[in-house]
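Topology and contacts: notes
Chain by chain, the residues run as shown.
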Amino acid sequence: MMTEKETAAEKILTDAMANPSPAKSMGDPGITPLSPSHIQQTDTDQVPSGPSFVVVVAIDFGTTSSGYAYAFAKEPECIHTMRRWEGGDPGVSNQKTPTTILLTPDRKFHSFGYAARDFYHDLDPSESKQWLYLEKFKMKLHTTANLSIDTDLHAANGKRVKALDIFAYALAFFKEQALKELSDQTGAEFDNNDVRWVITVPAIWKMPAKQFMREAAYKSGLVSRESPEQLIIALEPEAASIYCRKLRLHQMVDLGSLTTQNGCSPTDNVGSGMTQAKELVRRNRQSRTFLVENVVGELWSELEEGDRYVVVDCGGGTVDLTVHQIRLPEGHLKELYKASGGPYGSLGIDYEFEKLLCKIFGQDFIDQFKIKRPAAWVDLMIAFESRKRAAAPDRTNPLNINLPFSFIDYYKKFRGHSVEHALRKSNVDFVKWSSQGMLRMSPEAMNSLFKSTIDHIIQHLTELFEKPEVSNIKFLFLVGGFAESSLLQLAVQDMLQGRSRIIIPHDVGLTILKGAVLFGLDPSIINVRRSPLTYGVGVLNRFVEGKHPPEKLLVKDGTRWCTDVFDTFIAADQSVALGEMVKRSYTPAKPAQQVIVIHVYCSEKEKAGFISEPGVRKCGTLRLDVSGTESTAPRREIQTLMQFGDTEIRAMAVDVSTGRTVKASIDFLSH
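Keep in mind the model is a prediction, meaning the values are calculated, not measured. (Residues numbered from 1 in each chain as written. Predicted model: local features only at pLDDT ≥ 70, side-chain atom pairs only at ≥ 80, totals over all residues. Heavy atoms only, no water.)

Let's shift gears to unusual backbone geometry. Residues other than glycine seldom take positive phi values, yet arginine 107 does so here, at roughly 65°. Residue placement: arginine 107 occurs in the loop between strand S6 (100-103) and strand S7 (109-112). Judged by relative accessible area, which is 37%, arginine 107 ranks as partly exposed. Although it is not a glycine, lysine 136 sits at a positive phi angle of roughly 50°. Structurally, the position occupied by lysine 136 is in the loop between strand S8 (132-135) and helix H4 (139-143). What makes lysine 136 partly exposed here is its relative accessible area of 25%. (Helix = DSSP H or I, 4+ residues; strand = E, 2+ residues; numbered from the N terminus. Buried < 20%, exposed > 50% of the residue type's maximum accessible area, 1.4 Å probe, protein only.)

Now the structure itself:
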């Protein structure tokens, strides 16, 4: 027995089919919604996990430094971090290698990491101009508004290279290193098909950037397009969160506790706790294997069902904030508020230093110097990096930064007077010239370079803590390389005023890497996420007088339609469970149609009425390849299932009349 409502709906459906109508304003095919529904899959019906794998290898592809770690599926509690790298800088722990890449003058891959940096540095200046050296290029994926497969990057010498090639070269390098190490460990050639790869990305990255990473992985041969499930994209703060649950008290510094821990009382400054922690880490570093006890960490045992904590991941490029809640008994994690943050990583301090140099020596000179002496500029920034790590709130003695000889030399040629003269003449009184050929910065001058970056982070945290979902936070985990900065630690302490305990894992730069391995072993550990954006498509609805604007009216064969209606798949900040599907049905406009292309729109706002509203933009396309599924049914219905609860958006589709799978893909990169 059909209800009246259903028959009416059926009628609209058949009418809709009989009157396909093109949406006029956006040039979209007129899609009429068939059966909007939101289904929650039961666990038995979960997406298949794909073939089993022997080992999980996670690659932390960072803005400033990168590395990999792995664990065998049969010993999941043993996480191995990669072999020690050749090279390395004073005062910087070498568990990761700088994210730097060098291509030969004919654009072939030459080297990565310290090897790339050292080789480039040793080239003759006339030669080095021909070589292509890139560093800190990951940020380009975050800052490029309309990222595509063809996005370019600039090498140090100003030449352009395809970003996709660079990312693929870097991933191929890690693949080779990891497989070599695995082969040595197992004593036989290790097969890439036995590896599940995990690549970490910032949680605030939009879909195009995540898809770009996946495309680079396909291009590098890390995984093939035929087996996409062999690669998982992990979100950096989520990985950190998973690892932090495993922390034992001796593996972290608790800035909030008033008892002595790690042997230092809270009256000691923040920095000394960190120094002792680093010493411990250095002693343990000879062993590259970390045991993650299967029992949950002591910290975790203090957490109860429903407890909330915040993970602040402060890297080189971005700062990511995630809010998680514990769900017992399995200890699954639920995201309480959509990931937020921004480009406030420690690179900001490098830019401030560059601005300071421009103020002293002139923008024109600095721009020229970077192009004409690219290797010396890299050297100068390395020298700054090691002093940057020595900045502390209570420091009283000045910091000296070595100026490369070619800087001094080139400046004299360029300006006709000495560097010393420029410093005297500039109004920057807290930077002096020391007779040993160094820039001498007062601690206040160094700390001021941190100010705007730290202010951004604190402002963001303050706003986050004002959200109703973010009340009663038990712990704040500070992770990522920048978390080692005592200036940042102090600022976070001042902002929180004791509202939450601040926890910093010892090996803070490796937290994400280790967590990413754990995530690869069990991706279902985070089983509720929040959608960062509102997603949907443009559809036609029956025109309702008084409800719909007259300019959206479209009359086709006597039927009045309203065009451009935003059919929401999922709303911004809506919580979605893992495996939850959004179901829609579409019908080809013409029986012989081979491909249905549907434009996907998104908005930061939770509600959108029309795809033409301000703030709504076209962000991707859903492609349904219906060739070869021709059926005798009078009307073909293609049922599409979209998954939003994972770290990437996925689509699958079925031809309802034949029950056959239809090839479905969702693309955020081609414009």
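Now that the structure has been shown, the text picks up again.
What follows is about the pairing of strand S32 (residues 650-655). Along a regular strand, successive side chains alternate from one face of the sheet to the other. Along S32, the buried face is formed by Ala651, Ala653 and Asp655; none of Arg650, Met652 and Val654, which line the opposite face, is buried. Both strand S31 (residues 638-643) and S32 contribute to a ladder of six bridges, which runs antiparallel. In the strand pairing of S32, glutamine 643 is matched with arginine 650. With antiparallel pairing between neighbouring strands as the criterion, S31 and S32 make up a hairpin whose turn holds six residues. Sheet topology places S32 next to strand S33 (residues 660-667); three bridges connect them, and they run antiparallel. The residue bridging aspartate 655 from the neighbouring strand is arginine 660, located in S33. (Pairing = 2+ DSSP bridges.)

Here the focus is the pattern of salt bridges. In total, this model carries 25 salt bridges according to the counting rule given. A salt bridge links arginine 424 to glutamate 420; the nearest nitrogen and oxygen atoms lie 3.6 Å apart. Here the residue arginine 424 and the residue glutamate 420 both occupy positions in helix H14 (residues 419-425), the gap between them amounting to four residues, near one helical turn. Between arginine 560 and glutamate 545 there is a salt bridge; the shortest N-O distance is 2.3 Å. Taken as a pair, arginine 560 in strand S26 (residues 559-570) and glutamate 545 in the loop between strand S24 (534-542) and strand S25 (553-556) lie far apart in primary sequence, 15 residues in all. The class for glutamate 545 is exposed, based on a relative accessible area of 58%. Linked through salt bridges whose partners overlap, the residues forming this network are Lys136, Asp350, Glu385, Lys388, Arg389 and Glu484. (Salt bridge = Lys/Arg side-chain N within 4 Å of Asp/Glu carboxyl O.)

So, on to the packing of aromatic side chains. Under the defined criterion, the tally for this structure stands at 31 aromatic pairs. Relative to phenylalanine 72, the ring of tyrosine 70 lies with its centre 6.0 Å away and its plane at 85°, an arrangement referred to as edge-to-face. Here tyrosine 70 falls in the buried class, since its relative accessible area comes to 0%. Phenylalanine 72 gets classed as buried once you look at its relative accessible area, which sits at 7%. An aromatic cluster of at least three residues, connected via ring pairs, comprises Phe361, Phe365, Phe369, Phe407, Tyr410, Tyr411 and Phe414. Sitting above the plane of the phenylalanine 72 ring, lysine 74 keeps its charged end 5.5 Å from the centroid. (Phe/Tyr/Trp six-rings, centres within 6.5 Å; stacked < 30°, edge-to-face > 60°. Lys NZ or Arg CZ within 6 Å of the ring centre and 35° of its normal.)

Once that is clear, we can look at the sheet that holds strand S19 (residues 431-434). Overall, antiparallel pairing links the three strands, which are arranged S18-S20-S19 in an open sheet. At either margin of the open sheet sits one strand with a lone partner, and together these are strand S18 (399-402) and S19. Mean inter-strand twist for the sheet, computed between neighbouring axes without regard to direction, equals 30°. Bridge count between S18 and strand S20 (residues 438-441): four bridges; the pairing is antiparallel. Of the residues in S20, the one forming a bridge with isoleucine 401 is leucine 439. (Axes fitted to C-alpha atoms, helices over the stretch in contact; angles between N-to-C directions.)

On to the pairing of S26, then. Across the twelve residues of S26, ten count as buried, placing the element largely inside the fold. Note that S24 and S26 share seven bridges and pair antiparallel. Residue glycine 538 lies in a different strand from S26, and its bridge partner there is phenylalanine 566. In this antiparallel pair of consecutive strands, S25 and S26, the connection spans two residues, and aspartate 557 shows a positive phi of 50°.

Let us look at the packing of helix H5 (residues 163-186) against helix H6 (residues 207-220). Running from N to C, H5 and H6 cross one another at 60°; their axes reach a closest spacing of 8 Å. Crossing angle aside, the handedness with which H5 passes H6 is right-handed. In this structure, H5 uses Ala163, Leu164, Asp165, Phe167, Ala168, Leu171 and Ala172 to contact H6, whose residues at the interface are Phe212, Met213, Glu215, Ala216, Ala217, Lys219 and Ser220. Looking at the contact of H5 with H6 residue by residue, the classes come out as ten nonpolar, one polar and three charged. (Left-handed = near helix turned anticlockwise from the far one by under 90°. Contact = heavy atoms within 4.5 Å. Nonpolar A, V, L, I, M, F, W, Y, C, P; charged D, E, K, R; others polar.)

Let us now look at the side chain of serine 66. Topologically, serine 66 is positioned in strand S3 (residues 65-72). A polar contact is formed between the side chain of serine 66 and the backbone nitrogen of glycine 62, at a distance of 3.1 Å. Ignoring anything within four residues of it in the chain, the contact list for serine 66 reads Asp60, Phe61, Met82, Lys96, Thr97, Thr99, Phe112 and Phe174. (Polar contact = N/O pair within 3.5 Å; in protein donor to acceptor, adjacent residues only side chain to side chain.)

Below, the discussion takes up the packing of helix H11 (residues 363-372) against helix H13 (residues 405-415). Orientation of H11 relative to H13, taken along the N-to-C sense of each, is 125°, at an axis distance of 11 Å. The orientation of H11 with respect to H13, classified from their angle, is oblique. At the point where H11 passes H13, the crossing takes the right-handed sense. Of the residues in H13, those touching H11 at Asp364, Phe365, Ile366, Gln368, Phe369 and Lys372 are Ser406, Phe407, Tyr410, Tyr411, Phe414 and Arg415. Grouping the constituent residues of the contact of H11 with H13 by class yields seven nonpolar, two polar and three charged. (Parallel < 35°, antiparallel > 145°, perpendicular 65-115°, else oblique.)

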